[in-house]
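Chain and residue survey
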Amino acid sequence: MHLRIAEQISEQWATNIRVHRDRRGLRYEVQTGSEALKALCTWIVATQELAFGGLVVEQDTSEWLLRYLFYGPEACRVDVLVRQPLAHPQFPSIGDAVHAADWHEREAEDLFGIVFEGHPRLGDFVLHDDAWQEGLAPMRKSFNGREAPIQRTPNADWRPDRIVHAPGAFGMPVGPVYSGVAESAHFLLETVGEDVIRAQPRFFYKYRAVEKTAEGRDAMDALLLAERFNGITAFAHGLGFAQSLEAIGGLEVPPRALTLRVLFAELERLRHHTGAIEGICESTALVVAASQAAILEEELLRLSGELTGHRYLFGLVIYGGLSRDFADADLCTAVARAQGILRRLLALERKLTRTSSFLDRLEQVGIVTPEEAHAFGLVGPIARASGLARDLRVVQPYGGYGDYAFEVPNEREGDGYARLRILFAEARQSMRIIEQAFARLPGGSVRSANAGLPAGAALGWTEAPLGAAFHWVRVDARGAVQRYRIVPPSFVNWHAFHLAAEAFAFQDFPIILASFGLSISENDR
Amino acid sequence: MIEAAGIIAFFILCASGALVGLLTPRSQNPWVVAVLGAAAAVAISVAAAAALFVGRAYAADLWSLPFAGTLHICLDRLSGLFLLIVGLVYLPASIFSAGYLRRYLGHYSLRAFTVLYFALFASIATVILARDVISFLLAWELMSIASVLLVNYEFEVDETVRAGYLMLAMGEGGTIAAALAFLILANAAGSLDFEALRAAAVSLGPGARWTVFLLSFFGFGVKAGLVPFNSWLPRAHPAAPANVSALLSGLILNLGIYGILRVNVDILPASLVGTGLVALIVGAVSAFVGILYATTENDAKAMLAHSSIENMGIVTAGLGAGFVFTAAGRPVLAGIGFVAALYHLTNHSFYKALLFLGAGTVDFRVGTRDLDHLGGLIRPMPWTALYFLIGSLSIAAMYPFSGFASEWLTLQALLRSAELPSTPVKLVFAFTGVALALTAGLAVTCFVKAFAMGFLGVPRSRRAQEATEAPASMVAPMGALAIVCLILGVTPTFVIPALSRSLESVGNGHATAALVPAFFSHSADHSSLPADFRSEFHDLGAQTGESFIPGRGLVVLHRGGTDNPVIFAMSTSYGVVVLIVLLAVVVALTRWIARNRRVTRARIWDGGVRQLFPEMTYTATGFSNPVRVVFDAILRPRTVEDTEQTVAQHFRVAIRRTREPTHLIDRLVLNVLVTHLTRFARLLARMHHGRVNVYVAYVLGTLVGALILSLIL
Amino acid sequence: MTQWVLSGLRAGVRTTRYPAWPDDSPGLSPGLPSGRALVAGELARVVDRCPTGALIRQDHRVVVDPRRCVHCLRCARGEDAVNWEPGYEWAIMAENANRGETAPASFGPAFARSLHVRVVDAGDCGACLHEVKQLANPYYNLHRLGFFITPTPRQADILLVVGPGTDQMRAALEQSYAAMPTPRKVIAVGTCALSGGVFSPSFACSAGVGSIVPVDIEVPGHPPPPLAILHALLVAAGRASPAELVAAPVDRATSERGTTPEHGP
């Protein structure tokens, strides 16, 4: 099927196509003009079983280069490229047809000053209008990212966008500082009194401009940024960045390093999902279950800390492999302990499915339908709970995942309970992969010998615990990063959060938040 | 005689008020209303007070009409009570009008208002003074018409005109029913005099008694705002100007109760337990329905109108208790029931007038009555806020204000039903008690919402932001009414004897001894109380203040019967002293503890948003939404609009939802009546087909019929 | 429901005995680098390996400013590795603690037994916040020591800030501090909150929250383990003494940020 993509595209749009095939899969690079962009993207998503992965904006010396990423089964990827001269940053918006591109376009407009014609809601996205002036465009090369601009003229007349027009309607503000220990984000819950009619999130309170800070840094230091912009999935993002560099450098990672990388990635997934389960139990106030899940999570953190030296696996993945090796005996004890932890986690699952008061608060609550999941291009456990069984480890195998036997769980209801079941099922599969990795662990070194890095650009990707994460890196000849674009899974999934929170009472809101389990620091970068 | 002088002065002042209003320039009319209205109010209040407290009845015969007998007026104690309320409510309302009527200058005729105002005043007083059917009905009609015209004052608004017509139509229906009741009594008595009616009523059989009761209860009930014929009330009261609303709610509803009292306590004392049960049930249902709609209503005046229905329901429940006890042969308990009803009536007049004047002041300054657009008015309008708060606390039956004493007394009267033998009767009492308790809870919710959304929080509209305090001529009358509310609440042991004395004139003055035993005085009354009675009261401290406080005591006490020897006691008088002392102690202690501390004023904690907008704060609709959801089966709102507007398929830009409830009584009674009446009218309209020969046949038929009738009868 | 009671009882007591007894369970803490004397002739390339300038050459010693350490572990590996010491009692008093407050410098005995904490996330990566959340799990159980996390700053004694202090959280953080009644203390947790970590210098965040709210106690670590945060709370309550971790006062504004070459924009 995919071999015919090139023929079909050149037939219908007579555009310039280049085909690349490497050990990571098949990639089509399609150059097109602004006029055909929307039709082409719509066609790709509608007819070719490919999903929209992200939008990469790059500023060249003379032109804007926009790269629309599409990915699909059988390791097939399509990159659609559009160019415009620097003085005319206008592109057509594809958000009404490919709705997953909505937030990408809004972010590009805020950070680059690119206008997407036809998009109904640009502005006040990353840079809040009541904190920054319009037209700042900090991601442009001409903007000095190290210091804040002296002149600041925020919009004094800014008011929140009201969508509900009903007599007596008002918006309950939640955040950015709320709850006990919670990440900073703002939600405006528009209501007439009992039910939330419309939930409007406002993110980027935690915007640290990671993509801008990475520019000009040595690629190895930028790897530190990739690990640390979202600390609880540090290994997965570090891995994605490293894979991007390895694709640029054409570097072969030694098999021992590949296997250990898989083992640690799954260990991180197991720990992350245990934490998500604990969050769900806590939000429904089932304190005993939350405590027991917290015990398991702390044991996994201590396991990680004892084995690697850091509880969150910082400083482990490097360009070309891992930064240190591990004694087999240590690994054996660690895997055995992880198995014990998983057994107790599954016992917790059995008890939870027998507690009807707990299930009552999750079933039929916070529903995302399969159609909505598809339209918004959702990824990760949330997408799998709504019928989209897409997992990058299967559709775009990387790092040796193609050799492992595991299942991708799939549910259709899309409610809180379905997401909980997915978490438990994925934890089980992660353990399965860990056992396989440990069983087939080869000897050898854990890092490549010649680790030089030429100039170039490539996409690296991982299935992070929260979903598909894409890292696009461009380095120059001296090994410094010229452009670093991250498409985090939380960014994609927060886009659809408001669908789940609507038509439910206030009291369900924290539960829906916990059942999504998304990260705001990952979204805000 | 002071009563005669007062009454004559009153009528002269009313007439001159109307005349002077017609002659002076338009812009001076508010002053005419204020000054002459206040003077007339003072005159009638003096006369009424003399009658009530001193006790001399004043009777006079007016003209004699052929075929109709002599027209009498009489100022006895019951009339004195009602007239005193009229006077004391008209006084602040008149002064309020001085500032308030200015908004109509140039739009509507102020002269017409003045004339109607005094006409209403005079006719209300005449209704209360009337002692025969003709003068009663004439004054009643005049009062109806004057009140409808005043409700219809802002006739350019369609809603107002519709409200006025509905009020007129339903009012006339009620008048006809009441007139029929009078005619049945007159038929039995052969005369139109109340004295004669009273004498002859003793001989009526149960069938006639039921008929008279039902006709007068529901007929006067229309005017009093009882279900099921009160659909006009929530429309008429908000439509009228604020000072007129105060009069409507504060006085005209009382007239309905007055009519019920005259017929069923004075002329034809209730002798059938069933009649009392009907009154109890109607009272309970009115109270509940009234407060339910008040809680879910956002227009301040409509909310107060629904609340009036609730209060009249409570009064009727007290009356019902009185009827049942009279029929069961327990006159003391009946006295307690009637005193409770009158106490609540009195309190309601004052705090409802206060609340309507408050709502009118807010409307005057801000230009809107919608609670969803008010807010934060306590800063620019502190005095209005304070008085409105006192009114809200009174109506929500909060200690130590007036509503507390009267609701307590009403519930106590209901509790005394434990001494009745019949179980079905006790069940009805229990049901009424439960309904009144639920009502009390909802009333608190309703007025917390009203005060908080109206005066606290942040201003929700530009007009609310720019409001300023109203002129003194509008604020001072509210202050006076607030003081009256406080006094009525704090001195129940003085109010109850006065009310009980007013009932003496209709044959039931037992409540004083029952509720406020003469514990202070060392007179012979003291020794008539049983010994254990006295020792129990001593233990309660009922004799504190004996040597220097005048009156019968400061504790409302009464003791159940021999088979139910519980003691009910309440003292807002002591309570308010304790309250003040505690407040003073707490304030002093706080000041002393914090004497070295630095006090910082910081902005409200709102979760760290950069700016808290008014649309992020709770609205009145949101506050009362739980009530709407719980009682959804009764309210049954219908969805007027529920649309979502999307742009580019996925971007939702607007969600519009409006739901409107149709009033339960409208659904069950008014709409049904209207449908049937229209059908009947259409049927009758078939008579008007235009054929002359059939019209001639109609004339012939009527003649023949009249001849036959005259031959038969 | 009995299944929960039984399973809870079966899980037993797992709470650490800190602060009564030190806890040396494995995996409890990543440790911090500690300085060492330079061997004669050594070029101490290790100082250059640090991306945030946490290692400083001083005479013949390499000293560590733990406020800048991001646990990249580059200095822990290789022949010229720096010592990494286990432990978790890392809370240090900030240089200008209690500045500007006329309230007493410490909470005093009235507050020693119980403190309420408001946690504000000023842009952290999630790891520090996660470690704070672990304080409520059965292993650490901060409630037994009288510390409670409160959802409103109006009832808080301590403001615990994590994250480098992003620009868009500046107003919210200032308001949270202003909403707290005195006496109050601010604890800055994590390297990002102390020096901005790897995210500084940037137009979008500060080099630590010290420029937004006055910090009293600093907890280095990336992220500091839960026991380090617990130690900080105990220091705030006056029940533990702060650590002496910084060998020499380092002027944050002028010190060089490592010697990793930065390539132009």
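Residues numbered from 1 in each chain as written. Chains lettered and ligands numbered in written order. Predicted model: local features only at pLDDT ≥ 70, side-chain atom pairs only at ≥ 80, totals over all residues. Heavy atoms only, no water.

All right, on to the overall build of chain C then. For chain C, the helix and strand inventory stands at six helices and 11 strands. Split into buried and exposed, the 265 residues of chain C put 58% on the buried side. Within chain C, counting contacts between residues at least 6 apart in sequence, those at least 24 apart form 80% of the total. (Helix = DSSP H or I, 4+ residues; strand = E, 2+ residues; numbered from the N terminus. Buried < 20%, exposed > 50% of the residue type's maximum accessible area, 1.4 Å probe, protein only. Contact = heavy atoms within 4.5 Å.)

Attention now moves to the interface of chain A and chain C. Facing the 75 residues of chain A at the interface are 63 residues of chain C. Of the roughly 5900 Å² buried where chain A meets chain C, counting both sides, 57% is carbon and sulfur surface. A salt bridge links lysine 206 of chain A to aspartate 124 of chain C; the shortest N-O distance between them is 3.3 Å. Our count for the contact surface shared by chain A and chain C stands at 36 residue pairs in polar contact (both at pLDDT 80 or more). Contributing elements (two or more residues each) for the side of chain A that touches chain C: helix H4 (210-214), helix H5 (219-228), helix H8 (287-308) and helix H9 (328-353) of chain A. Of the residues that constitute the side of chain A that touches chain C, the class distribution is 33 nonpolar, 20 polar and 22 charged. (Buried area = accessible area lost by both parts, 1.4 Å probe. Salt bridge = Lys/Arg side-chain N within 4 Å of Asp/Glu carboxyl O. Polar contact = N/O pair within 3.5 Å; in protein donor to acceptor, adjacent residues only side chain to side chain. Nonpolar A, V, L, I, M, F, W, Y, C, P; charged D, E, K, R; others polar.)

All names here are of chain B. For helix H10 (residues 242-267), built from 26 residues, the straight-helix expectation of 38 Å at 1.5 Å per residue is met to within 8% by its first-to-last C-alpha distance of 36 Å. Along its length, H10 shows its largest kink, about 35 degrees, at leucine 248. Of all 26 residues that make up H10, 26 are buried, and the element is covered over most of its length. (Expected span 1.5 Å × (residues − 1). Bend = angle between axes of the 7 residues up to and from the residue.)

Further remarks concern the sheet that holds strand E10 (residues 186-191) of chain A. Residue and element names in this part refer to chain A. Judged by pairing direction, the sheet is antiparallel, and its four strands sit side by side in the order E9-E10-E11-E17 without closing on themselves. Each edge of the open sheet carries a strand with a single partner, namely strand E9 (170-174) and strand E17 (504-505). Direction of pairing for E9 relative to E10: antiparallel, over a ladder of five bridges. Bridge pairing in E10 links phenylalanine 170 to threonine 191. (Pairing = 2+ DSSP bridges.)

Attention now moves to the interface of chain B and chain A. Counting residues at the interface gives 32 residues for chain B and 41 residues for chain A. Summed over both partners, the interface of chain B with chain A comes to about 2900 Å²; 60% of that surface belongs to carbon and sulfur atoms. Contact with chain A buries surface across chain B, with Arg610, Glu615 and Phe651 of chain B losing the most and accounting together for 23% of the total. At the junction of chain B with chain A, the criterion picks out two salt bridges. Between aspartate 130 of chain A and arginine 610 of chain B there is a salt bridge, with the nearest N and O atoms lying 3.0 Å from each other. Seen at the junction of chain B and chain A, the total is nine residue pairs in polar contact (both at pLDDT 80 or more). For the side of chain B that touches chain A, the secondary structure elements donating two or more residues are helix H24 (620-630) and strand E6 (651-661) of chain B. Ranked by residues supplied to the side of chain B that touches chain A, first place goes to E6 of chain B with eight residues.

What follows deals with the packing of aromatic side chains. Taken as a whole, this structure holds 66 aromatic pairs over all chains when the rule is applied. Ring plane angle 70 degrees and centroid distance 6.4 Å describe the contact between tyrosine 401 of chain A and phenylalanine 406 of chain A, whose orientation is recorded as edge-to-face. Of the two residues examined, tyrosine 401 of chain A and phenylalanine 406 of chain A, each falls in the buried class. Taking the ring centre of phenylalanine 491 of chain A as reference, the NZ or CZ of arginine 525 of chain A above it sits at 5.1 Å. Note that arginine 595 of chain B overlies the ring of tryptophan 592 of chain B, its terminal NZ or CZ placed 4.4 Å from the centroid. (Phe/Tyr/Trp six-rings, centres within 6.5 Å; stacked < 30°, edge-to-face > 60°. Lys NZ or Arg CZ within 6 Å of the ring centre and 35° of its normal.)

What follows is about unusual backbone geometry. Trans is the common state for peptide bonds, and a negative phi is the common state for residues other than glycine. Residues valine 227 of chain B and proline 228 of chain B are joined by a peptide bond in cis, for which omega reads 0 degrees. On the secondary structure map, proline 228 of chain B appears in the loop between helix H8 (206-224) and helix H9 (233-239). Following threonine 182 of chain C, the chain continues into proline 183 of chain C via a peptide bond in cis, with omega recorded as -5 degrees. Mapped onto the fold, proline 183 of chain C is located in the loop between helix H4 (170-178) and strand E10 (185-189).

Here we have three strands laid out as an open sheet, ordered E8(A)-E6(B)-E5(B), and mixed in their pairing. The sheet terminates laterally at strand E8 (164-165) of chain A together with strand E5 (637-647) of chain B, the two strands that pair on one side only. Here E8 of chain A pairs with E6 of chain B via two bridges, running parallel. Bridge pairing in E6 of chain B links histidine 165 of chain A to arginine 656 of chain B.

Okay, the side chain of glutamate 29 of chain A next. Residues and elements named next belong to chain A. Checked against the element boundaries, glutamate 29 lands in strand E2 (residues 25-32). For glutamate 29, the side chain forms a polar contact with the side chain of arginine 27, separated by 3.1 Å. Not counting chain neighbours up to four residues away, the residues in contact with glutamate 29 comprise Asn16, Ile17, Arg18, His20, Arg67, Asp79 and Leu81.

As a further point, take helix H1 (residues 2-23) of chain B. With 22 residues, H1 of chain B should cover 32 Å at 1.5 Å per step; its first-to-last C-alpha distance of 31 Å lies within 8% of that length. Buried within H1 of chain B are the following residues: Glu3, Ala4, Gly6, Ile7, Phe10, Cys14, Gly17, Ala18 and Gly21 of chain B.

Here the focus is the nonpolar core. All names here are of chain B. Counting residues in each nonpolar core, the largest one holds 207 residues, and the members touching the most others are Tyr90 and Ile124. Here the element with the most residues in this core is helix H13 (residues 331-366); it accounts for 20 residues. With residues up to four places along the chain from it excluded, the contact list for tyrosine 90 reads Ala41, Tyr117, Leu120, Phe121, Ile124, Leu247 and Leu251. (Core = buried A, V, L, I, M, F, W, Y, C linked by side-chain atoms within 4.5 Å.)

Here we take up the side chain of aspartate 130 of chain A. Inspection of the secondary structure puts aspartate 130 of chain A in the loop between strand E7 (115-117) and E8. For aspartate 130 of chain A, a relative accessible area of 17% puts it in the buried group. A distance of 3.0 Å separates the side chain of aspartate 130 of chain A from the side chain of arginine 202 of chain A, its partner in a polar contact. Among the polar contacts made by the side chain of aspartate 130 of chain A, one reaches the side chain of arginine 610 of chain B at a distance of 3.0 Å. Setting aside its immediate chain neighbours within four residues, aspartate 130 of chain A contacts Pro154, Asn155, Trp158 and Arg202 of chain A together with Arg610 of chain B.

This part takes up the confidence of the model for chain C. Averaged over every residue, the pLDDT of chain C is 82; residues scoring 70 or more account for 85%. Across chain C, the secondary-structure element scoring lowest on mean pLDDT is strand E2 (residues 36-37) of chain C, at 69, and the one scoring highest is strand E8 (residues 147-149) of chain C, at 95. (pLDDT = per-residue confidence, 0-100.)

Once that is clear, we can look at the pairing of strand E2 (residues 69-75) of chain B. Each regular strand shows side chains that alternate between the opposite faces of the sheet. All names here are of chain B. Among the seven residues that make up E2, five are buried, leaving the element largely enclosed by the rest of the structure. The pairing of strand E1 (residues 58-65) with E2 spans six bridges and is antiparallel. Its bridge partner lying in E2, alanine 59 is registered against cysteine 74.

Attention shifts here to the pattern of salt bridges. All names here are of chain A. For the structure on display, the rule yields 63 salt bridges over all chains. For arginine 485, the salt bridge identified is with glutamate 107, shortest N-O distance 3.3 Å. Taken together, the residues arginine 485 in strand E16 (residues 481-487) and glutamate 107 in helix H3 (residues 102-112) connect sequence positions 378 residues apart. Residue arginine 485 is classed as buried on the basis of its relative accessible area, which comes to 4%. Under the relative-accessibility criterion, glutamate 107 is labelled buried at 3%. Between arginine 393 and glutamate 266 there is a salt bridge, and its shortest N-O distance comes to 3.1 Å. With arginine 393 in helix H13 (residues 392-395) and glutamate 266 in helix H7 (residues 255-283), this residue pair connects regions lying 127 residues apart in the sequence. By the burial criterion, arginine 393 is buried, and glutamate 266 matches it.

All names here are of chain A. Put simply, helix H6 (residues 234-249) and H7 touch, their axes get as near as 8 Å, and they point 145 degrees apart. Facing Ala234, Phe235, Ala236, Leu239, Ala242, Gln243 and Glu246 of H6, the residues of H7 in contact are Arg261, Phe264, Ala265 and Glu268. Here the residues of the contact of H6 with H7 are counted per class, giving seven nonpolar, one polar and three charged. (Axes fitted to C-alpha atoms, helices over the stretch in contact; angles between N-to-C directions.)

Here we take up the state of the cysteines. All names here are of chain A. Taken as a whole, this structure holds zero disulfides over all chains when the rule is applied. With no disulfide of its own, cysteine 41 lies closest to cysteine 76 among cysteine sulfurs, the gap being 14 Å. On the basis of relative accessibility, which here comes to 0%, the residue cysteine 41 falls in the buried class. (Disulfide = S-S within 2.5 Å.)

The next subject is the environment of glycine 123 of chain A. Residues and elements named next belong to chain A. Structurally, the position occupied by glycine 123 is in the loop between E7 and E8. The class of glycine 123 is buried, set by a relative accessible area of 11%. Residues within four places of glycine 123 in sequence aside, it is in contact with Arg106, Glu109 and Asp110.

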